[in-house]
Every structure is written in structure tokens, then in C-alpha cells.
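The chain contents come next:
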Amino acid sequence: MTDTTKGRVGFIGLGTMGREMARNLIEAGHALTVYDVDASAIAGLVGQGASAAGSVGEAAADVNIVITMLPDTPHVEEVVRGSGGLLQTIPRGGLFVDMSTISADATRRLAADLASAGIAMLDAPVSGGPLGARNAALSIMVGGEDEAVARAHPYLEAMGTTISHVGIAGAGQTVKLCNQLVCGVNLQAICEALALGRACGVDLDQMRNVLLGGSASSWMLDKLGPAMIAGDASAGFRIDLMLKDLRLVLEMAQSQAVPLPATSLVTTQYLDARAHGEGSNGNQALFKVYDRMSGQRSGAVLDVAP
Ligand code: NAD
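Only a predicted model underlies this, so the values are computations on that prediction, with no experimental measurement involved.

Attention now goes to the UniProt feature "active site" (unreviewed entry) in the chain. Here, the residues flagged by UniProt with the feature "active site" (unreviewed entry) are Lys176. Here Lys176 is to be found in helix H9 (residues 171–199). Accessibility expressed as a relative area gives 5% for Lys176, which makes it buried. Discounting residues that sit within four places of it in the chain, Lys176 has contacts with Thr101, Pro125, Val126, Ser127, Met141 and Asp245.

With that out of the way, let us pick up the UniProt feature "domain: 6-phosphogluconate dehydrogenase NADP-binding" (unreviewed entry) in the chain. When the UniProt feature table is mapped onto this chain, "domain: 6-phosphogluconate dehydrogenase NADP-binding" (unreviewed entry) is found at residues 8–167. Overall, residues 8–167 shows 42% helix and 25% strand. The separation of its end C-alpha atoms is 26 Å.

Once that is clear, we can look at the packing of helix H4 (residues 73–81) against helix H6 (residues 104–116). Running from N to C, H4 and H6 cross one another at 10 degrees; their axes reach a closest spacing of 11 Å. It follows that H4 is roughly parallel to H6 by the angle criterion. Across the interface between the two elements, Thr73, Val76, Glu77, Val80 and Arg81 from H4 touch Ala106, Arg109, Leu110, Asp113 and Leu114 from H6. The residue inventory of the contact of H4 with H6, partitioned by class, reads five nonpolar, one polar and four charged.

Right, let's get into the domain arrangement of the chain. Domain annotation of the chain identifies domain 1 (8–168) and domain 2 (175–294). Domain 1 and domain 2 are separated by 29 Å when their C-alpha centres are compared. Each partner contributes residues to the interface: domain 1 has 14 residues there, and domain 2 has eleven residues. Summing both partners gives a buried area of about 920 Å² for domain 1 against domain 2, and 62% of it is carried by carbon and sulfur. Looking at the side of domain 1 facing domain 2, the largest losses of area belong to Asp72, Thr101 and Met141, adding up to 41% of the total buried there. Arg247 is the partner of Asp72 in a salt bridge, and the nearest nitrogen-oxygen pair spans 2.5 Å. Viewed at the interface, domain 2 and domain 1 are joined by four residue pairs in polar contact (both at pLDDT 80 or more).

Attention shifts here to the pattern of salt bridges. According to the stated counting rule, one finds 18 salt bridges in the structure shown. Measuring nitrogen to oxygen at the nearest pair gives 2.7 Å for the salt bridge that ties Glu77 to Arg81. Here Arg81 and Glu77 lie together in helix H4, a separation of four residues that amounts to about one turn. Notably, a salt bridge pairs Arg151 with Glu147, separated by 3.7 Å at the nearest N-O pair.

Among the 26 residues in the neighbourhood of the ligand, the closest are listed as Thr16, Met17, Asp36, Pro71 and Lys244. Separating an oxygen atom of the ligand from a side-chain N or O atom of Asp36 is a distance of 2.6 Å. One of the backbone N or O atoms of Pro71 is found 2.9 Å from an oxygen atom in the ligand. Taking 840 Å² as the accessible area of the ligand by itself, protein coverage stands at 88%. Residue contributions to the shell around the ligand peak at three residues, all from helix H12 (residues 239–255). Classifying every residue of the shell around the ligand gives 13 nonpolar, seven polar and six charged. Per-domain counts for the shell around the ligand show at least three residues from each of domain 1 (8–168) and domain 2 (175–294).

Criteria and thresholds
- Residues numbered from 1 in each chain as written.
- Predicted model: local features only at pLDDT ≥ 70, side-chain atom pairs only at ≥ 80, totals over all residues.
- Heavy atoms only, no water.
- UniProt positions renumbered as here; feature names shortened; annotations may be inferred.
- Helix = DSSP H or I, 4+ residues; strand = E, 2+ residues; numbered from the N terminus.
- Buried < 20%, exposed > 50% of the residue type's maximum accessible area, 1.4 Å probe, protein only.
- Contact = heavy atoms within 4.5 Å.
- Axes fitted to C-alpha atoms, helices over the stretch in contact; angles between N-to-C directions.
- Parallel < 35°, antiparallel > 145°, perpendicular 65-115°, else oblique.
- Nonpolar A, V, L, I, M, F, W, Y, C, P; charged D, E, K, R; others polar.
- Domains from an automatic or database assignment.
- Buried area = accessible area lost by both parts, 1.4 Å probe.
- Salt bridge = Lys/Arg side-chain N within 4 Å of Asp/Glu carboxyl O.
- Polar contact = N/O pair within 3.5 Å; in protein donor to acceptor, adjacent residues only side chain to side chain.
- Near = heavy atom within 4 Å.
- Areas by Shrake-Rupley, 256 points an atom, 1.4 Å probe, with all protein chains shown as cover.

This is the structure:
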């Protein structure tokens, strides 16, 4: 008997996150056709059972759902609106889910234009990083119509453990950007505490353990604290991606006339980090800014990636 819960998926964008999410869809029994501008990324997924597409249109042909996991708004705009893009190639009645982190405004415009062509769109950005992607443990924030969410659910379940339908088109991106605001400002607070504790001569590992046991506990302190204290800048969510997200946060805030002083300040500090060559380091490299400001160098000083 055919398993009707399994479907055909076109997956576009096979980078740090997308390749893991695509692999989890394959492991869940879905048939994947994959596309990326980087041919080696396609080859990696073909080695794991996917079919290769030579274009966006080929990835969108004869599938139940098209998923994108692309860097930023212009990339998604190009894949949807460009020549041979999804607006032209997904048939009426089709379903498109963008899991990238992009502008909420642009998302609403894309969803409206796709709806005019009879194509349902969901925004479904994720939190959880490469590890969450690898372990199919992402938190997925979904914006769009109920019916489309129900259709997408079996596919989203293959990639994440928490699937939250938070509103209409653009709401997923809005919630994700608020998530990034909290992560950025929280990391800044952790940097300040570590810089002060270090200057006062306390044991930073012990201080982190104490903070984790009380009301200052956070995901950032738990997951990134050890790397900050040990001076490991290499892995994790890149400074460049955080700066992209904070730009989107501040654009959204400006369009709503909402002042975000803490987000503005930490954005300046991330820009400082990037100007000093740390753009491709994990965002725990924000601590390097505090090393410079405080004139301190310790075991917590982070190496700058080439
Ligand atoms: P990435 O840069 O590693 O991967 C993006 C992929 O898209 C690349 O393989 C690139 O070749 C491909 N691509 C770019 N333009 C394309 C086009 N026009 N057509 C087809 N393919 C194209 O990025 P990532 O780290 O996988 O992040 C993807 C998205 O997920 C971003 O919006 C990011 O903010 C978000 N995100 C990332 C993380 C993380 O920890 N890396 C966590 C949560 C959310």
C-alpha cells in the first residue's frame, strides 16, 4: 500500500542548514529533488539519495511542496520572481515554504503575489542552528493560512520538534526576528558579565555555572559560554548572519516607529567585530569586542579566522 504521508519535495538552498534539513526529509521517506547554485552542494545530497535539479524550475517540477533555505531576502526574491522562478514554475494549487530568515515585509509581498497565481506560501524560519538542523530538532515559526500549514506539517515534522503557527503571512519572520533580537542583546549581556568577572579575577567557568542555576540562565550562556571562555570562535551562527538578522530587525522596527536602543548598540558592536575580521566566526566572537574595549587578553581571547 502506498504511504500517503510521504511526498515529493523540491528543496532549494543546500548550505549549512539546508543540507541537513534536506537529509532529514530523505530519511523521513520523502523523495527530494534538490537545487543550489553551488553544484558541489547538489552532489552532496545526490550521494544521500536525492535527485539533482539543474534549475529552480526543475526543482519545482512535479512536487508536492517546494522549500527554500537561502541566505537573505534578495536570494529568495530571485528564486521566486526571477526568470524561470517559482512564480512561473509552481503550478496553481502548489505549495511553497520559505524557511530562510528574511524580511517580513518582503515575505508578505511574496505571499500576496504567489496567492494571485494560485500558489500558497508559508514563511517558516527556524531556530536551533546547524546542530538543531542535523538532529531534526529545529524550532519552526510558521506564518500563513491554516490549510497550507496542515499540508506542510508532515514535511516540517521531519525537520523540527517544535512547530508553532504564529499567524498570517510574515508572522513567522516577525517572531524569528524578535528571537534574534533577544539572542543578540542576551549575548551582549553575557559578554559584559564575563568581561567584568574576568577583570575582578573570578573563575569564569564557576561563574557561568552559578548563573546557569539562577535567573540569569539562558540558551546563549549555556551553549556559547564555554566557547567564549575557552576562546573558541570557530563554530556556530556566523557574525555575518547575525548582522543580516539585526539589519532586518532594525528595518522592521523603523517601519513600525519602534525605538530599539539595545539592538542598535549591539549591532554597532557586531559591526566592530566584522570590521576586525570576525564576520565568518561564530557570534560568540562578540566577546573579542569586549577584549579590545577592556584592554584585557586572557584564555577567553578569541582567534580570528583567516
Ligand atoms: P548558507 O550560506 O550556508 O547556505 C545558503 C545556500 O544557498 C548556499 O549553499 C548557496 O549556494 C545557496 N544559494 C544562494 N543563492 C542561491 C540561489 N539563487 N539559488 C539556489 N541556491 C542559492 O546559509 P545557512 O547558514 O544554511 O542559512 C540559511 C538561512 O537560514 C539564512 O537565512 C540564515 O539566516 C538562516 N539560519 C541559519 C542558521 C545557522 O546557524 N547557520 C540558523 C538559523 C537560521
